[in-house]
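# Structural overview for review
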Amino acid sequence: MKRVTMLAAVTTAAVLALSACGAEKQSGAAAPAPSEAKSSLSSPLGDPIQLAALSRESTKKAKSSKVTMETVAGAQKSTASGQGMYDGENSKLAMVMDSDGKKLDMLFIDNALYFKLDAEDKAELKTDKAYVKISPDGQDPLSQLLGKMMSKAMKDSDPSRILEQVSQAGKITKSDQVELNGEQTNHYVIEVEAEKAIALIMGEVGIPLPAETVNQLKAKLAGKNVVITTELWLNADQLPVQVVSDSTAFVKAMGAPGDGVAKTTVKYTDWGVPVSLTVPPADQVGDMAELAKKAGGR
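Let me begin by describing the structure that accompanies this report. (Residues numbered from 1 in each chain as written. Predicted model: local features only at pLDDT ≥ 70, side-chain atom pairs only at ≥ 80, totals over all residues. Heavy atoms only, no water.)

Further remarks concern unusual backbone geometry. Residue K126 is not a glycine yet carries a positive backbone phi of 55 degrees. Among the structural elements, K126 can be located in the loop between α3 (119-125) and β6 (131-134). Phi is positive for N181, which is not a glycine, with a value near 55 degrees. On the secondary structure map, N181 appears in the loop between β7 (170-180) and β8 (183-193). (Helix = DSSP H or I, 4+ residues; strand = E, 2+ residues; numbered from the N terminus.)

This is how it looks when you write it as structure tokens:
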């Protein structure tokens, strides 16, 4: 089970990056829908709560987009592309990830993750099924380990949620107007305090860290004022077109080997384009718990 476990962990990390590990909704000013937005770019906002409200309402109206992602962790690099529909618990996301030269085809729908299995996966799991399902209520160790985190990430997959986290754990430190890929955008630099972000994420996922781990994290972060820096580009409709999250300072503080670079770049295009994603046929889906037993738990 080593390979499938690795794929699930990588995939969950990707969804967490896309969802920005958002927080609960904050009250804020009512926002115009994209169709009502001004044709020209408005001035950048300095209030993160108002910015979150505007972006959330615009994303809710547009509903869907295409998305690409690049993640760099030290010497390792992975890319992904797909499409998503952002609707809380009904959110859907289809992605193809390239990690170490291996294509991973995955689908998040109905609060579950479906892996498309290739020949190597089928041989390891001893199955002829085309997909394997991992869900939060699964009885196998892998589902129980990743299920809650994956479920929370999917519920918060709306890209505007990053701003809601900022309203609780960070602040806007800079804003200006720049051209990005031929489009005028409002550019924001956001700093999130690492300690607050960790507490927020773990508390919402519902998986409290062991006291010993919490103490170790606090000791490594103490007095360092470690922040996770995020750059955000919003178009005239207050829709995100690019998000770059840099966790390098955090992973270095944690003692990561090598250069410690940790950065994720997510790009959104084709806002409002219809997305049609469906659950794979039941007879083509294998249950993770049953396949784990068949594979001998390896």
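After that view, the rundown keeps rolling.
Quick look at helix α2 (residues 48-62) now. Compared with the 21 Å implied by 1.5 Å per residue over 15 residues, the 21 Å span of α2 between its first and last C-alpha is a close match. Burial in α2 covers these residues: P48, L51, A52, A53, L54, S55, R56, S58, T59 and A62. Looking one or two residues past α2, K63 carries a phi angle of roughly 80 degrees, positive in sign. (Expected span 1.5 Å × (residues − 1). Buried < 20%, exposed > 50% of the residue type's maximum accessible area, 1.4 Å probe, protein only.)

So, about the side chain of S78. Here S78 shows up in strand β2 (residues 76-85). Judged by relative accessible area, which is 14%, S78 ranks as buried. When sequence neighbours within four positions are dropped, the list of residues in contact with S78 reads M69, E70, T71, D98 and S99. (Contact = heavy atoms within 4.5 Å.)

Glancing now at the pattern of salt bridges. Across all of its chains, the model carries four salt bridges by this definition. Two residues, K63 and D87, come together in a salt bridge whose shortest N-O distance is 3.4 Å. Here K63, found in the loop between α2 and β1 (64-73), pairs with D87, found in the loop between β2 and β3 (92-99); they are 24 residues apart in sequence, far enough to count as distant. The class of K63 is partly exposed, set by a relative accessible area of 31%. Note on D87: relative accessible area 28%, which makes it partly exposed. Across the pair K77 and E70 runs a salt bridge whose closest N-O atoms are separated by 3.3 Å. (Salt bridge = Lys/Arg side-chain N within 4 Å of Asp/Glu carboxyl O.)

Attention now moves to the environment of N186. Considering the arrangement of structural elements, one finds N186 in strand β8. For the pair N186 and Q238, spaced 52 residues apart in the sequence, the C-alpha separation amounts to 8.5 Å. A polar atom in the side chain of N186 sits 3.0 Å from the backbone oxygen of S42. (Polar contact = N/O pair within 3.5 Å; in protein donor to acceptor, adjacent residues only side chain to side chain.)

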